Amino acid sequence: MRIGELAAAVGVTTRTLRHYHHLGLLPEPERRPNGYRDYGLRHAVVLARIRRLTELGLGLAEVRDVLAEDAGRDLAEVLAELDDDLARQEQAIRERRARLRALLADAEAGRLPVEGPVSPELAALFGDLDRGSKGRPESPMAAKDREIIALLDTAAPPEERERLLSALGSFAGEPGAVDRAHEAYALLDALMDADPGDPRVDEAAELLASCLPDSALDGLGIGNAGEEHSFMRAFLDDFAPAQAEAIRRTMRLLVQRHAGGAR
């Protein structure tokens with residue numbers, strides 16, 4: 001058989017067959033005097049087995065193990081591992097579908113955050129903040145703050161994420177906390193076209209620091225010495241100059257507060 005005839009007989013493409021040759025999964029046959037490869041029944045049997053194994057979900061490295069001399073034992077081990085892996089995938093899919101059902105229910109009830117999808121913990125926190133902001137004008141700074149919190153919820157290491165969300169949740173539950181947060185947002189919004197030396201910068205920094213937990217230091221990538229890291233620089237670049245200066249001063253206040261609490 002020629003390569004095209006073998007590929008058609010087993011139901012694969014000639015490109016796939018050549019790839020198996022390249023990986024050493026399927027031995028290359030001898031060539032005829034005219035230069036064409038001459039495939040036999042043995043090649044078809046091995047190629048069919050490779051196809052069956054890959055359709056089960058085995059990777060090509062695992063197929064190579066199965067095709068080794070002690071194939072019977074290796075096949076049983078590989079199939080058991082594959083079964084375990086599929087069970088984990090099934091569980092993950094069930095959990096993802098449950099999360100999707102919850103998100104769809106929130107969407108139907110008008111509770112899905114514009115930053116969604118977010119974690120259930122963050123969705124609950126945003127819900128608390130939304131309930132406290134009814135009747136207030138929409139704040140660009142509040143919207144940006146939610147985007148940053150959603151980013152940290154996604155990107156922060158699990159321990160930092162849990163610490164940050166716990167602290168934010170505790171803050172949101174304090175009497176008057178949401179009012180303080182929106183007062184800080186309004187001050188920062190007013191600094192959009194201001195000079196970094198504007199006296200309102202210090203006022204905004206002090207108010208914002210009173211709204212933020214110490215764990216914000218970890219999330220924003222700032223050390224105890226107040227050094228700006230790459231994430232913090234990118235973060236500040238997204239703000240107007242006076243707003244960025246207010247946030248820098250807020251971070252310094254958090255560093256000082258954290259250092260004072262550690263003594």
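All values derive from a computational prediction rather than experimental measurement.

Criteria and thresholds
Residues numbered from 1 in each chain as written. Predicted model: local features only at pLDDT ≥ 70, side-chain atom pairs only at ≥ 80, totals over all residues. Heavy atoms only, no water. Helix = DSSP H or I, 4+ residues; strand = E, 2+ residues; numbered from the N terminus. Expected span 1.5 Å × (residues − 1). Buried < 20%, exposed > 50% of the residue type's maximum accessible area, 1.4 Å probe, protein only. Arc of directions from axis to C-beta. 1 Å grid on protein atoms, 1.4 Å probe; cavity = no way out; pocket = protein on both sides within 12 Å on 5 of 7 lines; lining within 4 Å. Points joined across faces, edges and corners; volume = space filled by probe spheres on them. Nonpolar A, V, L, I, M, F, W, Y, C, P; charged D, E, K, R; others polar. Salt bridge = Lys/Arg side-chain N within 4 Å of Asp/Glu carboxyl O. Patch = residues over 30% accessible without salt bridge, like charges linked within 9 Å, V, L, I, M, F, W, Y side chains within 5 Å. Areas by Shrake-Rupley, 256 points an atom, 1.4 Å probe, with all protein chains shown as cover. Lys, Arg positive; Asp, Glu negative; His and termini not counted. Charge placed at Lys NZ, Arg CZ, Asp CG, Glu CD.

1. Examining helix α8 (residues 158–172)
Helical periodicity: at 3.6 residues per turn, an α-helix aligns residues three or four positions apart in one direction. A rise of 1.5 Å per residue sets the reference length of α8, with its 15 residues, at 21 Å; its end C-alpha atoms lie 21 Å apart and thus fit the reference within 8%. Listing the buried residues of α8 in full gives Arg 161, Leu 164, Leu 165, Leu 168, Phe 171 and Ala 172. What you see down the axis of α8 is that its buried residues fit within an arc of 125 degrees, all on one side. For α8, the exposed residues set more than 90 degrees away from the buried face come down to Pro 158, Glu 159 and Glu 162.

2. Notes on empty space enclosed by the protein
Within this structure, the stated rule accounts for one cavity of 30 Å³ or more. Put simply, the largest cavity is a space of about 430 Å³. Lining the largest cavity are 25 residues, and of these Asp 145, Ile 149, Tyr 185, Leu 208 and Leu 212 lie nearest its centre. Those elements that provide at least two residues to the lining of the largest cavity are α6 (120–132), α7 (140–155), α8, α9 (177–190), α10 (200–211) and α13 (241–262). Among the residues making up the lining of the largest cavity, the classes are represented as 23 nonpolar, no polar and two charged.

3. Focus on the environment of Pro 140
Locating Pro 140 in the fold gives a position in helix α7. Taking relative accessible area as the criterion, Pro 140 reaches 58% and is therefore assigned exposed. Along the sequence, Pro 140 and Asp 189 sit 49 residues apart, while their C-alpha atoms lie 6.8 Å from each other.

4. Considerations on the pattern of salt bridges
Using the criterion set out here, one finds 13 salt bridges in the structure. Put simply, Asp 85 and Arg 88 hold a salt bridge, and the shortest N to O gap is 3.6 Å. A residue pair is termed a helical-turn pair when its members lie 3 or 4 positions apart in one helix, as Asp 85 and Arg 88 do in helix α5 (residues 71–108) at three residues. By relative accessible area, Asp 85 is classed as partly exposed at 30%. Here Glu 245 and Arg 252 are joined by a salt bridge, their closest N and O atoms 3.9 Å apart. Ionic contacts of the salt-bridge type, sharing partners, join the residues Asp 202, Glu 245, Arg 248, Arg 249 and Arg 252 into one network.

5. What to know about a negative patch on the surface
A contiguous patch of negative charge, built from Glu 62, Asp 65, Glu 81, Asp 83, Asp 84 and Glu 90, is present on the exposed surface. Looking at the negative patch, the elements that each hand over two or more residues are α4 (60–66) and α5. With four residues, α5 is the single largest residue contributor to the negative patch. Relative to the helices and strands, Asp 83 resides in helix α5.

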